[in-house]
Each structure stands twice: as structure tokens, then as C-alpha cells.
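Chain residues, written in single-letter form:
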Amino acid sequence: MAVAHTTLLNFLGKKITYDLAVDHSFDPSGFVQETGTVTGVLFELDGDHQLCVKFDDLDSYEFIKFSEMTIKS
């Protein structure tokens, strides 16, 4: 297992806050900050891995590409 894989596995079960790039029509800053708990990790063969995040304010889950996230905490 590569170092990148163990780094992603360390997020499992943890609450994270991250910035995600969005269209400027959605938010003028071009970013939106979200918070949630990581409930799963999806390892892609092409290396563009994803985290499954359960949002705190909604009862929903979403897979988000790790390369598109800027982790805050």
C-alpha cells in the first residue's frame, strides 16, 4: 500500500472541513466551504481517489475527488 493510500485511510471516521471549487455563478468567491464526516474511501486505478463525505447539515452523502478538495481541518 502506498503512502497516499494510508493518508486517505487516516481520514476514515473523522470530521473534516474543506473548500471545494464551484462556479462563480454559485458563489462569487469561486469556493464553498463544507463540513462532514468521512465514511468511505474510493481508490481509483487512475490515482484520482475520492472520499465519501456525510454532510453535517444534511442527511446525505457524496463522493468528492480528493484532488478537488482543500482540507482545512
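Relevant structure appears above.
Residues numbered from 1 in each chain as written. Predicted model: local features only at pLDDT ≥ 70, side-chain atom pairs only at ≥ 80, totals over all residues. Heavy atoms only, no water.

This part is about the overall build of the chain. Along the backbone of the chain there are one helix and five strands. Overall, the chain shows an N-to-C arrangement of helices and strands of α-β-β-β-β-β. Expressed as lengths along the three principal axes of its C-alpha atoms, the size of the chain is roughly 40 × 25 × 20 Å. By residue count, 27% of the 73 residues in the chain fall in the buried class. Counted over contacts in the chain with a minimum sequence separation of 6, partners at least 24 positions apart contribute 35%. Accessible surface, the chain: about 4800 Å² in total, of which carbon and sulfur atoms supply 56%. Across the chain, 5 positive and 12 negative side-chain charges occur, with their mean positions spaced 9 Å apart. (Helix = DSSP H or I, 4+ residues; strand = E, 2+ residues; numbered from the N terminus. Buried < 20%, exposed > 50% of the residue type's maximum accessible area, 1.4 Å probe, protein only. Contact = heavy atoms within 4.5 Å. Areas by Shrake-Rupley, 256 points an atom, 1.4 Å probe, with all protein chains shown as cover. Lys, Arg positive; Asp, Glu negative; His and termini not counted. Charge placed at Lys NZ, Arg CZ, Asp CG, Glu CD.)

Before going further, it helps to examine the side chain of glutamine 50. On the secondary structure map, glutamine 50 appears in strand 3 (residues 50-55). Within the structure, the side chain of glutamine 50 is placed 3.5 Å from the side chain of glutamate 44, a separation counted as a polar contact. In contact with glutamine 50, other than residues within four places in its own chain, are Gly40, Val41, Leu42, Glu44, Phe63, Ile64, Lys65 and Phe66. (Polar contact = N/O pair within 3.5 Å; in protein donor to acceptor, adjacent residues only side chain to side chain.)

Moving on: the sheet that holds strand 3. Sheet architecture is open: five strands sit in the order 4-3-2-1-5, paired in antiparallel fashion. Across the chains shown, the open sheet's two edge strands, defined by having one partner strand only, are strand 4 (61-65) and strand 5 (69-71). The sheet shows a mean angle of 50° between the axes of neighbouring strands, taken without regard to direction. With three bridges joining them, strand 1 (residues 15-21) and strand 5 adopt antiparallel strand pairing. Paired with leucine 20 across the strands is methionine 69, a residue of strand 5. (Pairing = 2+ DSSP bridges. Axes fitted to C-alpha atoms, helices over the stretch in contact; angles between N-to-C directions.)

What follows is about the nonpolar core. Judged by nonpolar contacts, Leu8, Phe11, Ile16, Tyr18, Leu20, Val32, Val38, Leu51, Val53, Phe55, Ile64 and Met69 together constitute the single largest core of twelve residues. For this core, the secondary structure elements donating two or more residues are strand 1, strand 2 (31-42) and strand 3. Leave out the neighbours within four places in its chain, and isoleucine 64 touches Tyr18, Leu20, Glu34, His49, Gln50, Leu51, Val53, Phe55 and Met69. (Core = buried A, V, L, I, M, F, W, Y, C linked by side-chain atoms within 4.5 Å.)

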